[in-house]
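Structural features, examined
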Amino acid sequence: MLAFYDEDFALFNGNPLRTVHNGKPGGADDKLLFIRNNDESNYYTDIVVSYENLNADDYGEVGSTGWAVKFLYGTRRPTEEEWDSVRGGQSIGIPDIGSSSAADTYTYHPIWVRVYCPGEAPAQIREGQTIRVWFNEKLVGA
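These numbers were taken from a predicted model, which means no experiment stands behind them.

1. Digging into the packing of aromatic side chains
Considering all chains together, one arrives at five aromatic pairs under this definition. Aromatic side chains phenylalanine 34 and tyrosine 108 sit 6.1 Å apart centroid to centroid with 85° between the ring planes, which places their arrangement in the edge-to-face category. Taken together, the positions of phenylalanine 34 in strand S2 (residues 27-37) and tyrosine 108 in the loop between strand S5 (92-94) and strand S6 (109-117) put the pair 74 residues apart, joining distant regions of the chain. Accessibility expressed as a relative area gives 6% for phenylalanine 34, which makes it buried. An aromatic cluster of three or more residues is present, and its members are Tyr5, Phe9, Phe34 and Tyr108.

2. Quick notes on the side chain of asparagine 37
Note on placement: asparagine 37 falls in strand S2. Under the relative-accessibility criterion, asparagine 37 is labelled buried at 0%. Only 2.8 Å separates the side chain of asparagine 37 from the backbone nitrogen of aspartate 39, close enough to count as a polar contact. Within the structure, the side chain of asparagine 37 is placed 2.9 Å from the backbone oxygen of asparagine 42, a separation counted as a polar contact. Ignoring any residue separated from it by four or fewer positions in sequence, one finds asparagine 37 in contact with Met1, Leu2, Asn42, Tyr44, Ile97, Ala103, Asp104 and Thr105.

Scoring rules and cut-offs
Residues numbered from 1 in each chain as written. Predicted model: local features only at pLDDT ≥ 70, side-chain atom pairs only at ≥ 80, totals over all residues. Heavy atoms only, no water. Phe/Tyr/Trp six-rings, centres within 6.5 Å; stacked < 30°, edge-to-face > 60°. Helix = DSSP H or I, 4+ residues; strand = E, 2+ residues; numbered from the N terminus. Buried < 20%, exposed > 50% of the residue type's maximum accessible area, 1.4 Å probe, protein only. Polar contact = N/O pair within 3.5 Å; in protein donor to acceptor, adjacent residues only side chain to side chain. Contact = heavy atoms within 4.5 Å.

Structure, rendered in structure tokens:
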């Protein structure tokens, strides 16, 4: 099964991703997450990480609040120019994890998540949001 890990390689176990912002000036908070396979009998292809929000017009390029969530793949912290090239809410692809001959249960695939808060945002706990992982799960050796 694919699972999320934090920057200390600790399993998330359903804990929420927390970002902290000074709502007066606004700004971004970046978090490094990892995805890893922890099942030796399966491998994964066509992996896509996406953002879902129950509040339809709340986030992203067409949102009404100014909040945005962006993803980038890689171990190095992205530059501002790299973040600027990504649209809010845009999904990203992750390389296949394992193959038909062997499951890869060792590699932690790095994903940077940036949450942007608009200026003059009131203190709040944002809810109704999910980082979703879509994939094809296949049996090793099949």
